[in-house]
Amino acid sequence: MLKSDFASLSEKNAELKKQLRDLTEKLRLAEQGSDNARKQVLSLGSQIKAGPFGTVKSLRTNPTILPDESVNPRLAKILEDIAVDKEVIVALANSNVKAMLEVQIASVKRLGIKNYLVVALDDYIENFCKSNDVAYYKRDPDKDVDTVGKTGGNHAVSGLKFRVLREFLQLGYGVLLSDVDIVFLQNPFRHLYRDSDVESMSDGHSNMTAYGFNDVFDEPAMGWARYAHTMRIWVFNSGFFYLRPTVPSIELLDRVADRLSKAKLWDQAVFNEELFYPSHPDYIGLHASKRVMDMYEFMNSKVLFKTVRKDQELKKKVKPVIVHVNYHPDKLYRMQAVVEFYVNGKQDALDSFPDGSE
């Protein structure tokens, strides 16, 4: 009996030792994570005491990285020549979007914007840029990028940006990414805040949808607790956003590019999931600061065609910085109409189009 009890206690003791080892390891990892967080905070500056009630403001603007020209000396030279205040507009294009690119380039030249660069994804666009005196950059051969870049449609090409933009940030430049279905009507750099890692236009079409609102979910079966409050916001548009050259911005690009390389996903959905999903068990969220651009300055085509063109006061007073024809498939014709209305003053230029698509 004593031998049996001894054997049983030995087994329990071994199991308890194993649990102790597991808990010790978990504690070590937790302390390590906590220490890393502390070190990151300390690297931003000395510790300070909290001020009086109502005076405390958290850090929003992360420090920029140390530029590394060894990443891509050729691109570094191009950016040195064209960038203004270490900032540049970047547009990716292949021959499939050449007509829209022409409208965009014309709008950029009309405004005298010098820091505009086309990432040419095929030889056709490279030659087009050469013949039209447009600054361009053609990447070194990369099979994974080149296959999509040369033959992909609008959505496929859009997903490439997250791989391409990384080097721009590593070189220390702020990047304003622009899809080609965008018309520039003012210099966008005069309308940025630059206080966040990511500054993006919205797919929202009202103050609530663009900037967020408390959406109450009703479940009558729950009785007293039938109302559950949720927070909602229309997504950031991954076709027009500004990135400061910070660690969180680069981590965002890495996260999105990694997920897009492993599955057929829509880049805009992944872009927003990585920006907004908080840390939770088995997942560490991205700690990037973000800002939504003014929806009337950085205007999507739903706001223009459903709201602004039908409101005489808005139609007269609002002069957008850009118009992004993201909600409509007849992109080229609507881009041309935007130019006719806002640039050439043709008051009925927007009238013939339906609110949505037919």
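Structure's up top.
Quick look at the structure, then. Note that the coordinates shown come from a computational prediction; the quantities given were computed from them, not determined experimentally.

### A word on the nonpolar core
Stage number 1. Membership of the largest hydrophobic core comes to 49 residues, with the highest contact counts inside it found for L101, Y116, F240 and L304.
Stage number 2. The element that contributes the greatest number of residues to this core is helix α12 (residues 331–342), accounting for 6 residues.
Stage number 3. With near-sequence residues (within four places) excluded, Y116 lies in contact with I82, I89, A91, L101, Q104, I105, V108, V134 and A135.

### Re the sheet that holds strand β3 (residues 136–137)
Stage number 1. Across the sheet, which stays open at both edges, the 7 strands sit in the order β3-β2-β1-β4-β9-β6-β10 with mixed pairing between neighbours. Of all the strands in the sheet, just β3 and β10 (290–292) have a single pairing partner and so form its edges.
Stage number 2. As paired strands, strand β1 (residues 87–93) and strand β4 (residues 174–178) are joined by 4 bridges and run parallel to one another. Across the sheet, E87 pairs through a bridge with G174, a residue of β4.
Stage number 3. Contacts between helix α3 (residues 98–111) and the sheet are confined to β1, β2 (116–120) and β4, with β2 contributing the most and set at about 160° to the helix.

### Brief notes about the packing of aromatic side chains
Stage number 1. One pass over the structure, following the stated rule, counts 10 aromatic pairs.
Stage number 2. Centroid distance F241 to F271: 5.0 Å. Interplanar angle 25°. Geometry classified as stacked. Here the residue F241 occupies a position in strand β9 (residues 236–243), and F271 occupies one in helix α9 (residues 267–276), the gap between them amounting to 30 residues.
Stage number 3. Judged by its relative accessible area of 0%, F241 falls in the buried class.
Stage number 4. One aromatic cluster is present, built from ring pairs that chain together F162, F241 and F271.
Stage number 5. K86 extends its terminal NZ or CZ atom over the ring of Y173, reaching a point 3.9 Å from the ring centre.
Stage number 6. Sitting over the face of the ring of F276, K290 holds its NZ or CZ atom 5.2 Å from the ring centroid.

### With respect to unusual backbone geometry
Stage number 1. With phi around 55°, D133 is a residue other than glycine that occupies positive phi space.
Stage number 2. Structurally, D133 is set in the loop between α4 (123–131) and β3.
Stage number 3. Judged by relative accessible area, D133 falls into the exposed class, the value being 70%.

### So, the packing of α3 against α4
Stage number 1. Relative to each other, α3 and α4 sit at 25°, their axes nearing to 12 Å. Considered as vectors, α3 and α4 are oriented roughly parallel to each other. Pair α3 / α4 crosses with right-handed handedness. Touching K98, L101, E102 and I105 of α3 are Y124, I125 and F128, all from α4.

Here is what the cut-offs are and how they apply
- Residues numbered from 1 in each chain as written.
- Predicted model: local features only at pLDDT ≥ 70, side-chain atom pairs only at ≥ 80, totals over all residues.
- Heavy atoms only, no water.
- Core = buried A, V, L, I, M, F, W, Y, C linked by side-chain atoms within 4.5 Å.
- Buried < 20%, exposed > 50% of the residue type's maximum accessible area, 1.4 Å probe, protein only.
- Helix = DSSP H or I, 4+ residues; strand = E, 2+ residues; numbered from the N terminus.
- Contact = heavy atoms within 4.5 Å.
- Pairing = 2+ DSSP bridges.
- Axes fitted to C-alpha atoms, helices over the stretch in contact; angles between N-to-C directions.
- Phe/Tyr/Trp six-rings, centres within 6.5 Å; stacked < 30°, edge-to-face > 60°.
- Lys NZ or Arg CZ within 6 Å of the ring centre and 35° of its normal.
- Parallel < 35°, antiparallel > 145°, perpendicular 65-115°, else oblique.
- Left-handed = near helix turned anticlockwise from the far one by under 90°.

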